[in-house]
Amino acid sequence: MLLAVVGPGIITGNVDNDATGITGYALAGSQFGYELLWLLIVTAICLVAIQSMVARMGTVTGKGLSDLIRERFGIAPTLWVMIFLFFANAATTVAEFAGVGGAAQLLFGDVARYAAIPVAALLVWFLVLRGSFRVVERVLLLLTLIYLGYIVSAFLAHPKWSDVIHHTVVPTFHLTPSFILIFITIIGTTITPWMAFFQQSNVADKGLHPDDLKYERIDTVAGILMLNVVAFFIIVATGATIYAAHVTVNPSDPSAFSKIALALKPLAGQYAEQLFAIGLLNASLMAASVLPLSTTYAITEAFGLERGIDKSFREAPAFLTIYTATIVIGAVIAMFPGAPLVLITNLPNIINGMLLPLLLPLLILLANDKRIMGRYANSPLFNVFSGAVMVFLTAVTLAFLASIFFPGLFGGR
């Protein structure tokens, strides 16, 4: 029974380890060593609160999150949510194609990105809409085993494990703009709005019902655990190599991906760049396939429009137009000459981190509505839990905005 149910949570967790995730965690480790490891425990707790609610709503109602938002709050709030979701996910799609470009540069040289990005965009579009996307998705998920390279590399780099354990359980925080930026980057790359929409739609499409809830909870927690284990070892690997060697990684530096690849040197030696590039390419292609698709499903579902990857343009014009536009916009922007690929890849993490406090109140209200959820509505204890998550995410976002509008507020660095 468990094997029949699992999938939505594990796929969501693995897809979240995309180009933006690898970049965000690598920047955290290379700039601050192990100091942000403790935050992964916090983000895992936050994810359990958020993804448990959407998994429960999808299982109980059989509907996607967009459907429930429209039915509960009306067209106007739904429109604003979809606008925010589109721009956040469009920015992330740009980042995925920037990841493709960065991987191509490492493998074949600077000019290769201009060929690799359009080829990747055409490949993703064709496979999803006209090819066997499910087969490709399984292959890409299998290739996530490349992430195990960070685990091996972390051990081979011989970090001081007492420091790793200390920073995992003892919080470290600096009131400086750069630390707060990376802080919200970690939150924004680990907890993203698209995950909520994607997992709930996936649960609903799978046809799960309330009797499956205990298995779907296991699926959800397993996905979160897999996501955070990979994140943990990326930070340890980059902290034990790049940070320890005092290598400065500036996201606006065109060679930033090459420097981040040094984290795999203990494992791959002179082939570290190639191994990193293959992992980055795989992560980028997987997310570039799934993310625009989940965005398109969410928007068309929200407004009751015809949707489906097997539909013709005449049958589902909005669906195919939105999906194609997202792919084209993402690829074109990522191809701008001289574009700082690491900066582009990291930017959506910041945007997602700022959007989370806007989405979470809607989730909590929906999960508490007994007309929708019946006896599966949030318990008082779960409301305290999810409310604490909302307060935490809102406080982080406000601190980040304060650091932008009042640059001297938190001092230097």
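Attention here is on the structure that accompanies the text. (Residues numbered from 1 in each chain as written. Predicted model: local features only at pLDDT ≥ 70, side-chain atom pairs only at ≥ 80, totals over all residues. Heavy atoms only, no water.)

Topic: helix H6 (residues 75-108)
Part 1: Taking 1.5 Å as the rise per residue, H6 with 34 residues should run 50 Å; its terminal C-alpha atoms sit 48 Å apart, in good agreement.
Part 2: Burial of H6 is extensive: 24 of the 34 residues sit out of reach of the surface.
Part 3: Directly after H6, the chain includes Gly109, whose backbone phi takes a positive value near 105 degrees. (Helix = DSSP H or I, 4+ residues; strand = E, 2+ residues; numbered from the N terminus. Expected span 1.5 Å × (residues − 1). Buried < 20%, exposed > 50% of the residue type's maximum accessible area, 1.4 Å probe, protein only.)

Let's talk about the nonpolar core
A general feature of soluble globular proteins is that nonpolar side chains tend to end up buried together.
Part 1: With 126 residues, the main nonpolar core has Met57, Phe97, Phe197, Phe276 and Leu363 as its most contacted residues.
Part 2: Among the elements that line this core, the one with the most residues is helix H16 (residues 272-302), at 15 residues. (Core = buried A, V, L, I, M, F, W, Y, C linked by side-chain atoms within 4.5 Å.)

Some details on the side chain of Thr92
Part 1: Topologically, Thr92 is positioned in helix H6.
Part 2: Relative accessible area serves as the criterion here: at 1%, Thr92 is assigned to the buried category.
Part 3: In contact with Thr92, not counting residues within four places along its chain, are Asp18, Thr20, Leu291, Pro348 and Asn352. (Contact = heavy atoms within 4.5 Å.)

Looking at the environment of Ile327
Part 1: Structurally, Ile327 is set in helix H17 (residues 317-334).
Part 2: For the pair formed by Ile327 and Ala288, sequence separation is 39 residues and the distance between their alpha carbons is 7.9 Å.
Part 3: Sequence-distant contacts of Ile327, defined by excluding residues within four places in its chain, comprise Phe97, Ala121, Val124, Ala288 and Pro292.

A short note on the packing of helix H4 (residues 37-61) against helix H20 (residues 380-405)
Part 1: At a minimum axis distance of 10 Å, the contact between H4 and H20 shows a crossing angle of 125 degrees. One finds that H4 runs oblique with respect to H20. Read as a crossing pair, H4 and H20 show a hand that is left-handed. Residue-level contacts link Leu39, Val42, Ile45, Cys46, Val48, Ala49, Ser52, Met53 and Arg56 of H4 to Phe382, Phe385, Ser386, Val389 and Phe392 of H20.
Part 2: For the contact of H4 with H20, a count of residues per class yields 11 nonpolar, 2 polar and 1 charged. (Axes fitted to C-alpha atoms, helices over the stretch in contact; angles between N-to-C directions. Parallel < 35°, antiparallel > 145°, perpendicular 65-115°, else oblique. Left-handed = near helix turned anticlockwise from the far one by under 90°. Nonpolar A, V, L, I, M, F, W, Y, C, P; charged D, E, K, R; others polar.)

As for the packing of aromatic side chains
Part 1: Tallying each qualifying case throughout the model produces 15 aromatic pairs.
Part 2: Ring centres 6.4 Å apart and planes at 35 degrees place the aromatic pair Phe179 and Phe183 in the tilted group. Here Phe183 and Phe179 lie together in helix H11 (residues 177-190), a separation of 4 residues that amounts to about one turn. For the pair formed by Phe179 and Phe183, the shared burial category is buried.
Part 3: Between the aromatic rings of Trp194 and Phe198, the centroid separation amounts to 5.7 Å while the plane-to-plane angle is 65 degrees, which identifies the pairing as edge-to-face. Within this pair, Trp194 and its partner Phe198 are both found in helix H12 (residues 193-205), separated by 4 residues, close to a single helical turn.
Part 4: Here Phe198 falls in the buried class, since its relative accessible area comes to 12%.
Part 5: Members of the aromatic cluster, joined through ring pairs, are Phe32, Trp38, Phe173, Phe179, Phe183 and Phe392.
Part 6: We note Arg56 situated over the ring of Phe382; from NZ or CZ to the ring centre the distance is 5.2 Å. (Phe/Tyr/Trp six-rings, centres within 6.5 Å; stacked < 30°, edge-to-face > 60°. Lys NZ or Arg CZ within 6 Å of the ring centre and 35° of its normal.)

Let's talk about a nonpolar patch on the surface
Part 1: Taken together, the side chains of Ile75, Leu79, Trp80, Ile83, Phe84, Phe87, Phe303, Leu305 and Leu358 make up a nonpolar region of the molecular surface, amounting to roughly 870 Å² of accessible area.
Part 2: Of all the elements, H6 adds the most residues to the nonpolar patch, at 6 residues.
Part 3: Locating Leu79 in the fold gives a position in helix H6.
Part 4: The exposure class of Leu79 is partly exposed, given its relative accessible area of 41%. (Patch = residues over 30% accessible without salt bridge, like charges linked within 9 Å, V, L, I, M, F, W, Y side chains within 5 Å. Areas by Shrake-Rupley, 256 points an atom, 1.4 Å probe, with all protein chains shown as cover. Salt bridge = Lys/Arg side-chain N within 4 Å of Asp/Glu carboxyl O.)

Points about the side chain of Arg56
Part 1: Residue position: Arg56 is located in helix H4.
Part 2: One buried charged side chain, Arg56, makes no salt bridge at all; its nearest oppositely charged neighbour is Glu216, positioned 11 Å away.
Part 3: A polar contact is formed between the side chain of Arg56 and the backbone oxygen of Tyr376, at a distance of 2.8 Å.
Part 4: Polar side-chain contacts of Arg56 include one of 2.9 Å to the side chain of Asn378.
Part 5: What Arg56 contacts, discounting residues up to four positions off in sequence, is Leu213, Ala367, Met373, Tyr376, Ala377, Asn378 and Phe382. (Lys, Arg positive; Asp, Glu negative; His and termini not counted. Polar contact = N/O pair within 3.5 Å; in protein donor to acceptor, adjacent residues only side chain to side chain.)

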